[in-house]
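# Geometric and topological summary
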Amino acid sequence: MLAPPEVEYRVTPGIGWPLCVEVDPRIGWPNVPRETLDWTAALGAEFTRTGPTVMATASPVIEIPPGPRRARFDEDEFPPAAEVDPPAHATAESLATVSLPAPSLPRVFVVANQKGGVGKTTTSVNLAAALALGGLSVLVVDLDPQGNATTALGVDHPAGLPGTYEVVMSGATLADHVVDSPEAPNLKVLPATIDLAGAEIELVSIVARENRLKRALRSYLQDNPADYVFLDCPPSLGLLTLNALVAANEILVPIQCEYYALEGVTQLLRTIDLVKGELNNELRLSTVLLTMFDGRTKLAAQVADEVRHHFPAETLPTVIPRSVRISEAPSYGQTVLTYQPSSAGAISYLEAAQEIARRGVEESA
Ligand code: ADP
Ligand code: MG
């Protein structure tokens, strides 16, 4: 066999590609020994010195400016019609001062839809606050590691703050970790922190893993009567959502008025059937709430019709409009009910809460 010809090469630091080489005529490719290309190891130290952009040594940190923010799609971007006018018969004052009827037994709602961004958290916190402002006692359990419900209820949730993780994973007592929300009297929240992100995997190896929350909640409700409990789920059908489906007796499905809305619901219904048959006989889909309704589009009205066709009894008459005020409120650590009580968004959540409260009493009568 012919010996390869002697070739000369130089490697440009930072490019990692031979510069100025002779090509082996039999291969048609720079004849460079492999180890020569591993210049990063040899020169790494020098590169880190010459500039962090060449070789990043730490993951980038995204600076989040402190303080509340206005939504970007504010008045200047959206024509004013985006905010539906509040119904003439209702004012925030008239609605917020109405005292709501209490159910005979605590109603435990799981707010579920494995689709993200459909308004689960927004619905959980605003309905909870509306019911609490109506004089009822309400608990929100934040099951999403993002902790958005905790934030929206005005509770800070630094990593390490005990909350849902401790209750589900270590069997801690729920009463030890619930926090009062400044949003309304008799409104409490079990906070979630990013620690909860690990629970989904850690739960896999735990005995009776789907009953953890149910047990904790039952023993809490014996000593701390509540009228309503909202379990705000993460956007997946994992073990945290399963725990919530087992602990609850009613399901509230927020459906965003947009295309694809019903696709995820089919999968959710299948999961509900499975849970019902195997783990929780009491569970029923009692409430569907249409969210982010944009009155300017035909599509929103079509989706709303379709949802009402599928769930005629379950769908609440009130529809939550797409509202800038609703989306801004959490950045102030508030629900829309205290952030902008006279907005269409606040009024629609107050109305939805009244409908839910009335149904609860009619059904148990
Ligand atoms: P999920 O909990 O299902 O992921 P969120 O409640 O967090 O959904 O809502 C997703 C995003 O949509 C959030 O930024 C929220 O502020 C915004 N949002 C929710 N409901 C409305 C509404 N009615 N109008 C405008 N924005 C909304
Ligand atoms: Mg959420």
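Rules used throughout
- Residues numbered from 1 in each chain as written.
- Chains lettered and ligands numbered in written order.
- Predicted model: local features only at pLDDT ≥ 70, side-chain atom pairs only at ≥ 80, totals over all residues.
- Heavy atoms only, no water.
- Phe/Tyr/Trp six-rings, centres within 6.5 Å; stacked < 30°, edge-to-face > 60°.
- Helix = DSSP H or I, 4+ residues; strand = E, 2+ residues; numbered from the N terminus.
- Near = heavy atom within 4 Å.
- Polar contact = N/O pair within 3.5 Å; in protein donor to acceptor, adjacent residues only side chain to side chain.
- Areas by Shrake-Rupley, 256 points an atom, 1.4 Å probe, with all protein chains shown as cover.
- Nonpolar A, V, L, I, M, F, W, Y, C, P; charged D, E, K, R; others polar.
- pLDDT = per-residue confidence, 0-100.
- Contact = heavy atoms within 4.5 Å.
- Pairing = 2+ DSSP bridges.
- Core = buried A, V, L, I, M, F, W, Y, C linked by side-chain atoms within 4.5 Å.
- Buried < 20%, exposed > 50% of the residue type's maximum accessible area, 1.4 Å probe, protein only.

Glancing now at the packing of aromatic side chains. Taken as a whole and assessed by the stated rule, the structure comprises four aromatic pairs. Where F109 meets Y228, the ring centres are 6.2 Å apart and the plane angle is 5°; that geometry is what we call stacked. Pair noted here: F109 is in strand β5 (residues 107–111) and Y228 is in strand β9 (residues 228–232), with a separation of 119 residues, a long-range link. One aromatic cluster is present, built from ring pairs that chain together F109, Y228 and F230.

Let us look at the site of ligand 1. Close to ligand 1 lie 14 residues; G117, T121, T122, P321 and S323 are nearest. Separating an oxygen atom of ligand 1 from a backbone N or O atom of G117 is a distance of 2.7 Å. Note that an oxygen atom of ligand 1 is positioned 3.1 Å from one of the backbone N or O atoms of V118. Protein contacts shield 80% of the accessible area of ligand 1, which totals 560 Å² for the unbound molecule. Those elements that place two or more of their residues in the shell around ligand 1 are α4 (120–133) and α13 (324–328). The biggest single contributor to the shell around ligand 1 is α4, with three residues. Classifying every residue of the shell around ligand 1 by side-chain character gives five nonpolar, seven polar and two charged.

The subject of this paragraph is the confidence of the model for the chain. Looking at the chain as a whole, its pLDDT mean stands at 81, while 73% of the residues score no less than 70. Residue range residues 14–21 is modelled with pLDDT below 50. Its contacts to residues more than four positions away, or to other chains, number 27 contacts. Predicted confidence is poor over residues 30–59, with pLDDT under 50, and the contacts of this stretch with residues over four places away or in other chains come to 32 contacts.

The next thing to look at is the pairing of strand β8 (residues 187–190). Note: strand β6 (residues 138–142) against β8, four bridges, orientation parallel. Note on β8: the bridge partner recorded for V141 is L190. Bridge count for strand β7 (residues 179–180) against β8 is two bridges, and the pairing is antiparallel. Each residue of the ladder has a partner; that of V179, found in β8, is V189. Adjacent in sequence and paired antiparallel, β7 and β8 are bridged by six residues, among which N186 carries a positive phi angle near 60°.

Turning to the nonpolar core, a few remarks are in order. V110, L174, L217, V229, L231 and I255 are the most contacted members of the largest nonpolar core, which totals 54 residues. Counting residues in each nonpolar core, the second largest holds 38 residues, with F230, L289, I320 and I356 among its members.

Moving on to the environment of G198. For G198, the location among the structural elements is in the loop between β8 and α8 (199–202). Here the alpha-carbon distance between G198 and Y165, two residues 33 residues apart in the chain, equals 8.9 Å.

This brings us to the pairing of β5. Judged by how many residues are buried, β5 sits mostly within the fold: five of five residues are covered. Relative to β9, β5 is paired through five bridges, and the arrangement is parallel. Bridge pairing in β9 places V111 opposite D232. With three bridges connecting them, β5 and strand β10 (residues 250–256) associate as parallel partners. In the strand pairing of β10, F109 is matched with E250.

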